[in-house]
Every structure is written in structure tokens, then in C-alpha cells.
Amino acid sequence: MTILVVEKTAKNMDSLCGMLQHTYPESKLLSYSSSPKALAAAREEPVDIAFIGDKLPEIDGLLLGRYLKDLYPKINIIMMSRMKETAFEAMNLRASGCILLPPEEKAVTDEMKELRHPIGAKDEKRVFAQTFGNFELFADGLPVVFKYSKTKEIVAVLINNKGAQTSNGEIIASLWEDEGDPKVKASYLSNLRQDLQNTLSDLKLNDIIIKQRGSMAIAAERIECDLFEWLKKKKASRYQYLGDYMNQYSWAEYVHAELDEISYLEEDE
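K.L.:
Where do I start with the packing of helix α6 (residues 149-160) against helix α8 (residues 182-202) in this structure?
P.N.:
What describes two packed helices is the angle between their axes and the distance between those same axes. The N-to-C vectors of α6 and α8 enclose an angle of 80°; their axes lie 9 Å apart at closest approach. The orientation of α6 with respect to α8, classified from their angle, is roughly perpendicular. Where α6 abuts α8, its residues K150, T151, I154 and V155 lie against Y188, L189, L192, D195 and L196. Of the residues assigned to the contact of α6 with α8, the class counts are 6 nonpolar, 1 polar and 2 charged.

Dropping the structure here:
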């Protein structure tokens, strides 16, 4: 469980973070006094619960809440305010709840017990990645259309790496191998990454890519994928490997050989 706290007053921030760390020691806690920094962090890592102060500089708390709901429709937002009137605005935001500042432990624990969206609820995943045969990415049952064909290939590389962070250099090596000027390829990759971000933002699917400085990864737990399920369940999987894997990409041949070996061993058991 990842909890985001955004509050401009250091005393309130320290008090709330202390309560959360004590009561939920296994959770990951992110805290910021800057709303733009908090939003940037949320774009990098999926957030389950966000405690947001209403009077924030740069981006107002309610507006920040709307941005976070665009990123993660099932996020639990708990607004924090010095005025009871904010509760009405929180209702319009469809927030999970609202507490008064300074935070009191009972109010915090009560809201955590009554979250609007249960943590860990298994919602139907909107994205399906088909790797057996030709690679294809689907959102809500329809193929995702990118501006550039190599943008889809980037997603294929990330899925091929099964959730591991993949550096820009590794992506470039897969997409172009040893061909072309490295500076030109780096510039082209920047355009592809922007296309990826724009396309997923339009579909409200930002959370399926985890970005770090100079690398990216697929959020494996947030998508359905025939490869991931087959590797986990083998013969019990609803998807079965029949000897074809990302056929349109030559760099996939190495994993293709591994899958052949796994499949052969499974048949002998």
C-alpha cells in the first residue's frame, strides 16, 4: 500500500506521517509540501491513498486531487482542511473522506477504515498484452494506436523484460541494434517516449508504465498478459504457448528459445 501525503505545514506533515508510519508500518509513505513534486512522484509510482491539504501553493489541493483521480480512478483521496466547509467540496471530488487540521489520530484511523475503494481490490484490468503470435496491446478490448510503430515496440520490449526497469540504452539497442547515429537514435527515442506518454494519458492509462530517470518498466500487476499468466500457471493458464512469440520482432528470438525450452520441460512432466 502506497500512501501520499501533501501538506504545506511542516508540523501537520510530521504529525500525520508519524501516525501513518506507526499504524501502517508496512506501507510505503511519500510526503511532499510541494503539489507539483507530489504530482510528479505520483506519475512515477502508483498511489493507493492520498492525504491532501486544501491550501497548497502552486496547485490547489482540490485541483491536485482531480489530477490524481485522472491518473488513478480508484485512488482514495482524503482531503485535509482547517474549515468544515471543505467537506462539501471533497464530496464533489468524490473523495474518500475529509479530516480537519491539525490531524487527530482517531480521525485518521477512522478514514483509513472507511476507504471508498478497498486496497487490493481485483478490478478487471483494462489492458491486455498479447505476446503469443504477433505482439498487440489492447485497451478496453481495442488495439492501442500509437503515432509511431516503434512506440508500440517500446511497450513490447518492456513486457519482454517482465517488469524490470529497462534503460534507454537497452531500448535503443533493441529497436535499432547497431544501425544509425547514436545521437539521432536518442533524439528519436525522446519523441517515442513522448508519443507513449501522450497516448496513455489520453486513455488514462499512465499507471501501466513506471518511469525512472533514464529507464522505464511495465507495471506487470496492472495489466493482463498471456506471457505473464502462462509463466505463472503453465498448463493451468487460460493462455497456452504454442511456439509463437512476438513474431514481428527479431530481438524476441532469445526469449522465444527460452519459452520453447520451458514448454518442452512442461510436456515431459
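K.L.:
Help me understand the pattern of salt bridges in this model?
P.N.:
Side chains bearing opposite charge may pair, as long as their charged atoms lie close to each other. Evaluation of the coordinates by the stated rule reveals 10 salt bridges. The partner of K152 in a salt bridge is E136, with the nearest N and O atoms 3.4 Å apart. Linking K152 in helix α6 with E136 in strand β7 (residues 136-139), this pair joins segments that are 16 residues apart in sequence. For the pair K152 and E136, a shared accessibility class is recorded, and that class is buried. E224 is paired through a salt bridge with R238; the nearest N and O atoms lie 3.3 Å apart. Here R238 lies in the loop between α9 (226-233) and α10 (253-268) and E224 lies in strand β12 (residues 224-225), a separation of 14 residues in the sequence. Residue E224 is classed as partly exposed on the basis of its relative accessible area of 22%. Among the ionic contacts, a cluster of salt bridges with common partners joins D207, E221 and R222.

The rules we used
- Residues numbered from 1 in each chain as written.
- Predicted model: local features only at pLDDT ≥ 70, side-chain atom pairs only at ≥ 80, totals over all residues.
- Heavy atoms only, no water.
- Axes fitted to C-alpha atoms, helices over the stretch in contact; angles between N-to-C directions.
- Helix = DSSP H or I, 4+ residues; strand = E, 2+ residues; numbered from the N terminus.
- Parallel < 35°, antiparallel > 145°, perpendicular 65-115°, else oblique.
- Contact = heavy atoms within 4.5 Å.
- Nonpolar A, V, L, I, M, F, W, Y, C, P; charged D, E, K, R; others polar.
- Salt bridge = Lys/Arg side-chain N within 4 Å of Asp/Glu carboxyl O.
- Buried < 20%, exposed > 50% of the residue type's maximum accessible area, 1.4 Å probe, protein only.

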